[in-house]
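# Inside the fold
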Amino acid sequence: MLSEKAADYFALDIDSPYMLLAPKVKPGKEKLVPSITHVDNTARVQTVREEDNEHYYKLIKAFERKTGIPMLLDTSFNVAGEPIVETPDDAIRCFMSTDIDVLGIGKFLIKKKR
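As the structure is a prediction and not an experimental result, all values here were calculated from the model.

Within the protein, the secondary structure is distributed over 3 helices and 2 strands. Start at the N end of the protein and walk to the C end: the helices and strands fall as α-α-α-β-β. Each of the three principal axes of the protein carries a C-alpha extent, and together these read 40 × 30 × 25 Å. Here the protein holds 114 residues, and the buried ones make up 27% of them. Put simply, 34% of the contacts in the protein that link residues at least 6 apart link residues at least 24 apart. Total accessible area computed for the protein in this model is approximately 8,200 Å², and 56% of it derives from carbon and sulfur atoms. Side chains of the protein give 17 positive and 18 negative charges; the mean places of these two sets differ by 7 Å.

Okay, structure coming up:
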């Protein structure tokens, strides 16, 4: 979530760069972001500032320009029964053994041929 937009969506008045906080989603906003809203109307929020992670910030900003929503849904990278991906080798191995279409690692974008 873009740090400067967090207070528009959440009862949050500080940065949350490590997803340690689960503030309430503001009334009416849960309809815009149902995938991240928990049953108790909270959400696990990670705020992103441009000076801390320029590439990720720009990705979120581009998504906001297209959708009006200044956040992305992030999840763990693994498949059922497997540990969470920790290295580029793990990522490639998981990518190649699943139906994932595209994998981004650093400045590289890998697409499967179909």
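With that out of the way, let us pick up the nonpolar core. Counting residues in each nonpolar core, the largest one holds 12 residues, listed as M1, A6, Y9, F10, L12, V25, V33, I36, A43, V45, I69 and M71. Residue contacts for V33: discarding those within four places in its chain leaves Y9, I69 and M71. V85, A91, C94 and F95 belong to the second largest nonpolar core, which has 5 residues in total.

Here we come to the pattern of salt bridges. All chains considered together, the criterion is met by 8 salt bridges. A salt bridge links E64 to K5, with the nearest nitrogen and oxygen atoms 2.4 Å apart. Taken together, the positions of E64 in helix α2 (residues 54-67) and K5 in the segment before α1 (6-9) put the pair 59 residues apart, joining distant regions of the chain. Taking the relative accessible area as the measure of exposure, K5 reaches 22% and is therefore partly exposed. Here the salt bridges share partners, and the residues they tie into one network are D15, R49, E51 and D52.

Looking now at helix α3 (residues 88-96). All of the buried residues in α3 are A91, C94 and F95. Buried positions in α3, seen along its axis, are confined to an arc of 100° and lie on one side of it. Residues of α3 that are exposed and point over 90 degrees away from its buried face: D89, R93 and M96. Those residues of α3 that are buried are in contact with β1 (102-105) and β2 (108-111).

Inspection of the secondary structure assignment puts L103 in strand β1. C-alpha of L103 to C-alpha of N53: the two residues are 50 residues apart in sequence and 19 Å apart in space. Apart from the residues lying within four places of it in its own chain, the contact partners of L103 are F77, A91, I92, F95, F108, L109 and I110.

Parameters and conventions
Counting of residues starts from 1 at the beginning of each chain's written sequence and follows it residue by residue. Predicted model: local features are reported for residues with pLDDT of at least 70 only, side-chain atom pairs are reported and counted for 80 or more only, and whole-chain, interface and lining totals are derived from all residues. As a rule here, side-chain values come from all non-hydrogen atoms in the structure, and water together with hydrogens is ignored. Segments assigned H or I by DSSP are reported as helices when at least four residues long, segments assigned E as strands when at least two residues long, and all are numbered from the N terminus. The buried label goes to any residue with under 20% of its type's maximum accessible area, the exposed label to any with over 50%, and the partly exposed label to all in between, with areas taken from a 1.4 Å probe on protein chains only. Contact between two residues is taken to exist if any of their heavy atoms lie within 4.5 Å; hydrogens are not considered. Shrake-Rupley sampling with a 1.4 Å probe provides the accessible areas, and residues are treated as covered by the protein chains on show and by no other component. In this tally, Asp and Glu contribute negative charge and Lys and Arg positive charge; neither His nor the terminal groups of the chain are included. Charge positions come from single atoms, namely NZ of Lys, CZ of Arg, CG of Asp or CD of Glu. Each nonpolar core is a collection of buried residues, namely Ala, Val, Leu, Ile, Met, Phe, Trp, Tyr and Cys, held together in the definition by side-chain atoms within 4.5 Å. Take a side-chain nitrogen of Lys or Arg and a carboxyl oxygen of Asp or Glu: if they are within 4 Å of each other, that pair is a salt bridge. Within this analysis, the arc is defined by the directions that extend from the helix axis to the C-beta atoms.

Purely spatial values, then, with no claim about function.
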